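Overview (structure and organization)
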Amino acid sequence: MSASHATVGSRSNRAVLLTVTCLGQFMVLLDNTIVGAALPDMQHRLHTQLTGLQWIVDAYVLLVAMLLLSGGVFADRFGRKRVYLTGVAVFTAASLVCSLAPSVGWLIVGRVLQGIGAAALAPASLALLAAAHPVPQERMKAIGMWAGFSGIGLAAGPVAGGVLTDAFGWPAIFLVNLPIGAVLLVVGLRHLGESRNPSAPAIDVPGTVLSVLTVGAVTYGLIEGGARGWTSPVILGSFAAAVILLAAFVAVESRRSAPMLPLGLFRQRLFTVSNTAMAVVGFALMGSSFFFSQFFVYVQGSSILRAGLQTLPLSLAMVIVSPYTGRLAARYGFRIVVTTGLALAGLGLLGLGMVHADTGYGSVWWRLGLAGVGFALTMSPLTGAAIQAVSPQEGGLASGISSTTRQIGAVLGVAVLGAVVRSRQSGGASLENGLNSAFLAAGAVALVTAVFTGLWLARSTPAEGSGVPRRSTEPDAIVTSGKASVGSLN
């Protein structure tokens, strides 16, 4: 009888842990996309231009992208519960800073802090799940639900942002995080158990700092180039600094015994191709999504609420199709599914590039839906391909790198496509023409990458050992995490 009560108690604790970690991940991913719907209201109330809007989005995504890998190691070393709850606290406090921001500068500061909190919260939540589910099958189900909440968060962002902004103004999209964060802190303190890995490697501080500075320098040049002039000393200096910092990063990582990013993994063609394609997915998806609300509001005259609802076909398509992509990849292979997805996404974005102010929504929704189906077909198979390219012990690291490359692509997508719009407007084009050019550029990049994956993204057997240092030192968690990702393809 006591064993039965223990089992029930254990299941109850796991249910609470699953709820807490999934809700935390939902909050993080929601903030990736909820801001897009509020950008027109931010621009009006904060009196900012396109450059300011780009920084509001990229300040968050940049910090998440570059701190994600280190956040996982930090959780292993100092305690997953501690790091998770610290991330929740920082993220929640930063949301309050954002909601009270009197200027764009303060809002960007808040977004930076949100990114730091998210980079601690997200990997720690997954590590907590893995530690609490030692049985592989149970762990796979838990991670699958965690990933599902990630997709729901991404999909719900534009609609939730439109509703909240239309009703209460843009600060509401950040205030909504406060009660969620408070609940997570109270429940987490009472019910989450602590776990850590005493043999976790040291945090790669030089690699982390250099990676943030490198991508930050490139992003600064791309965002500010249109306003300051592409040949201005500051912009040329930022690009030159990025090259130097990148060289320093490669030199440092190649000499460390436990680097943040083991460069030897990129000797596997499947790993390199899958991560390149994942960066393009982030580039095209986040870069184009950044402009959806602005297009509907400024070009077609929609309200902010209606604009949020008008983006729903893309979100719904991703939510509906994503659960089936694993089985499709298992049946037809990574190459066919990913290439088809990139082609559909590219065609959908090209179609959006041909939408004008007087185009009826009946001719718009299916283009968004087509792009959404395409993006949904790419993400899980590309992560699975990256994991399959390396040894089982490196599966968790490969999955983390795949997420990081997608986020880096997202940062660059907002920066590059924003530069396209600004350049077109500087040449005398209207906002409508500038946005059309951005969508066409994103679609063209996706189609070119579809050709690339069609030629080079081939199945391969997992490497027995890549001979590179491993950042993560929890073999059981890594193997199961890898199985979960690959298992979703079976």
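Just so we're clear, the structure is a prediction, and the values are computed from it rather than from any experiment.

What follows deals with the confidence of the model for the protein. For the protein, per-residue confidence averages 86 on the pLDDT scale, and 90% of positions sit at 70 or higher. Long-range and interchain partners of residues 1–9, a stretch whose pLDDT sits below 50, account for zero contacts in this model, where long-range means more than four residues apart.

It is worth spelling out a nonpolar patch on the surface at this point. Residues Val90, Trp106, Val109, Leu113 and Ile116 make up a contiguous nonpolar surface patch of about 410 Å² in total accessible area. In terms of residue count, the dominant contributor to the nonpolar patch is helix H4 (residues 104–132) (four residues). The topology assignment puts Ile116 in helix H4.

The next subject is the packing of aromatic side chains. Within the structure shown, the criterion is met by ten aromatic pairs. Seen from their ring centres, Trp170 and Phe174 are 6.2 Å apart, and the 85° between their planes marks the pair as edge-to-face. The class of Trp170 is buried, set by a relative accessible area of 3%. Each ring, one from Phe266 and one from Phe271, has its centre 5.1 Å from the other, and the planes form 70°; the classification is edge-to-face. Three or more aromatic residues joined by ring pairs make a cluster, and in this case those are Phe292, Phe295, Phe296, Tyr361 and Phe439.

A word on the pattern of salt bridges. Taken as a whole, this structure holds five salt bridges when the rule is applied. A salt bridge links Arg111 to Asp31, with the shortest nitrogen-to-oxygen separation between them at 3.4 Å. You can see Arg111 sitting in helix H4 and its partner Asp31 sitting in helix H1 (residues 2–46), a full 80 residues away along the chain. Among the salt bridges present, the one from Asp41 reaches Arg45, with a minimum N-O distance of 3.1 Å. With Asp41 and Arg45 both in helix H1, this residue pair falls four residues apart, about one helical turn.

Definitions and limits used
- Residues numbered from 1 in each chain as written.
- Predicted model: local features only at pLDDT ≥ 70, side-chain atom pairs only at ≥ 80, totals over all residues.
- Heavy atoms only, no water.
- pLDDT = per-residue confidence, 0-100.
- Contact = heavy atoms within 4.5 Å.
- Patch = residues over 30% accessible without salt bridge, like charges linked within 9 Å, V, L, I, M, F, W, Y side chains within 5 Å.
- Areas by Shrake-Rupley, 256 points an atom, 1.4 Å probe, with all protein chains shown as cover.
- Salt bridge = Lys/Arg side-chain N within 4 Å of Asp/Glu carboxyl O.
- Helix = DSSP H or I, 4+ residues; strand = E, 2+ residues; numbered from the N terminus.
- Phe/Tyr/Trp six-rings, centres within 6.5 Å; stacked < 30°, edge-to-face > 60°.
- Buried < 20%, exposed > 50% of the residue type's maximum accessible area, 1.4 Å probe, protein only.

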